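Residues per chain, in single letters:
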Amino acid sequence: MDFNVKKLACGAGVFFTRAVQFTEEKLGQAEKTELDPHLENLITRADCTKNWTEKILRQTEVLLQPNPSARIEEFIYDKLDKKLPSRTTNTELLGQYMVEAANEFGPGTPYGSTLITVGEYQKRLGGAERDLLQASAVGFLAPLRNFLEGDWRTISKERRLLENRRLDLDICKARLKKAKLAEAKAAAAPDFQETRPRNYVLSASASALLSEEADKAEHELRVAQTEFDRQAEVTRLLLEGIGSTHLNHLRCLQDFAEAQATYYAECHHYMQALQRELSKCANSVSAPHPTATVCPDPVSSAFLSGPPSPGATVSSLSSQRPSPLAMEQTQLPVTGTRKAKVLYDYEGHDGSELSLLADELITVHTVPGMDPDWLIGERGNQKGKVPVTYLELLS
């Protein structure tokens, strides 16, 4: 181990000198070099950005993961640079328990069948929640964390160097001031009482020494001023980059809001479909037919696709109350053809639904007797049901 005592002693001396200068400034006993007003404003803006970024990051983590233990686990995995194992969401766990309970109670009973229906939808809600967590972690939390752990650490390091350069500059200013005062005092009051040649030589040597000390202090001051100006420029450039950080965080915030909008739209779609399933279940239980005491099959294609298809609805009504009018509704012409813009990606759950991509334009129309939450969408030769909540109808 290379242990340089001289270098260590020099570093300790510099640290002690800076500490004395800092203390005297706090006590008002020493002058302090003020930073440029523009640089001061940049520092204030950077501190504000750092403080609010920390608060937003912590609160977003609490929002997405309310469990403190799970957050600590995620933090540890992140510091160890290991992939976090997939964790079942609370909503998915609830759905799993409901399905298991239904198997115990009997899936053929009204209660068991309804438990399966609600449990499957809870699993789908949990899947949407997991997608939100993943999208938010990658698109929003990671950039904020990278700023705090990367850019801000660099800025803090350069600011500490700037503060040290300022202290060194003020120390050199104080040293030069003392040297000038000593030199002026020696020049203003020479010792004329000593008449021996030896004393004149000593007096001249002292004056030369004081003058040399003043010249040395001036040189050190110029060097310290140059280093301070250079460090101030480096710090200024880094602090001006906070504007680019704001733009980056703005894009991340928009992505986070988009992920939330997609999540809530999917939840709304799933819950509407669940309400329709439960309404069917209630009608089946209250029907006078002896075979209608059990809810419809919750794992049918209608369940997997959310709302039932128009044809299935008409067929069900026809089987319960056959009438010529119901038979004619399936052959009525389509109405209200118009363009629509897709707001979010949507993956069709069966062949009756049309998969969508965000920002694409499709043609939509309604069919008499169709569920109001759905439309018929067309894209080239492809055709299928699309949810209204995923569309923006154009005039």
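Scroll up to find the structure this text is about.
Because the structure is predicted, anything quoted here is derived from the model rather than measured. (Residues numbered from 1 in each chain as written. Predicted model: local features only at pLDDT ≥ 70, side-chain atom pairs only at ≥ 80, totals over all residues. Heavy atoms only, no water.)

### Thoughts on unusual backbone geometry
If a residue is not glycine, its phi is most likely negative; likewise, a peptide bond is most likely trans. One non-glycine residue, Asp 359, adopts positive backbone phi at about 75°. Among the structural elements, Asp 359 can be located in the loop between strand 1 (335-342) and strand 2 (361-366). (Helix = DSSP H or I, 4+ residues; strand = E, 2+ residues; numbered from the N terminus.)

### What to know about the environment of Gln 382
Note that Gln 382 resides in strand 4 (residues 382-387). The contact partners of Gln 382, leaving out residues within four places of it in the chain, are Leu 354 and Gly 377. Reaching out from Gln 382, the side chain makes a polar contact with the side chain of Arg 379 at a distance of 2.6 Å. (Contact = heavy atoms within 4.5 Å. Polar contact = N/O pair within 3.5 Å; in protein donor to acceptor, adjacent residues only side chain to side chain.)

### Examining the side chain of Thr 53
Among the secondary structure elements, Thr 53 is positioned in helix 2 (residues 37-64). We classify Thr 53 as buried; its relative accessible area is 6%. (Buried < 20%, exposed > 50% of the residue type's maximum accessible area, 1.4 Å probe, protein only.)

### Here we look at the pairing of strand 4
For strand 3 (residues 374-379) and strand 4, the ladder comprises 6 bridges, and the chain directions are antiparallel. Bridge pairing in strand 4 links Trp 374 to Pro 387. Connecting strand 3 to the antiparallel partner strand 4 that follows it, the hairpin turn spans 2 residues, and Gly 380 within it adopts a positive phi of roughly 65°. (Pairing = 2+ DSSP bridges.)

### Notes on the environment of Ala 259
Counting through the fold element by element, Ala 259 comes out in helix 7 (residues 242-286). The sequence separation of Ala 259 and Gly 139 amounts to 120 residues, and the corresponding C-alpha distance is 9.2 Å.

### Description of the nonpolar core
Counting 27 residues, the largest nonpolar core has Leu 35, Leu 39, Phe 140, Leu 162 and Leu 239 as its most contacted members. Only helix 2, helix 5 (110-188), helix 6 (197-240) and helix 7 provide two or more residues apiece to this core. Per element, the largest residue contribution to this core is 11 residues, and it comes from helix 5. Setting aside chain neighbours within four positions, we find Leu 239 in contact with Leu 39, Leu 42, Ile 43, Ala 46 and Ile 155. (Core = buried A, V, L, I, M, F, W, Y, C linked by side-chain atoms within 4.5 Å.)

### Points about the pattern of salt bridges
Overall, the coordinates contain 15 salt bridges when judged by the stated rule. Here Glu 240 ties to Arg 236 by a salt bridge, and the two come within 2.6 Å at their closest N and O atoms. Note that Glu 240 and Arg 236 are positioned in helix 6 at a spacing of 4 residues, about one turn of the helix. Judged by its relative accessible area of 34%, Glu 240 is partly exposed. The partly exposed category is assigned to Arg 236, whose relative accessible area is 22%. A salt bridge links Glu 378 to Lys 383; the shortest N-O distance between them is 3.9 Å. Classification of Glu 378 by relative accessible area gives partly exposed; the value is 29%. (Salt bridge = Lys/Arg side-chain N within 4 Å of Asp/Glu carboxyl O.)

Read these as spatial facts, not as claims about activity.
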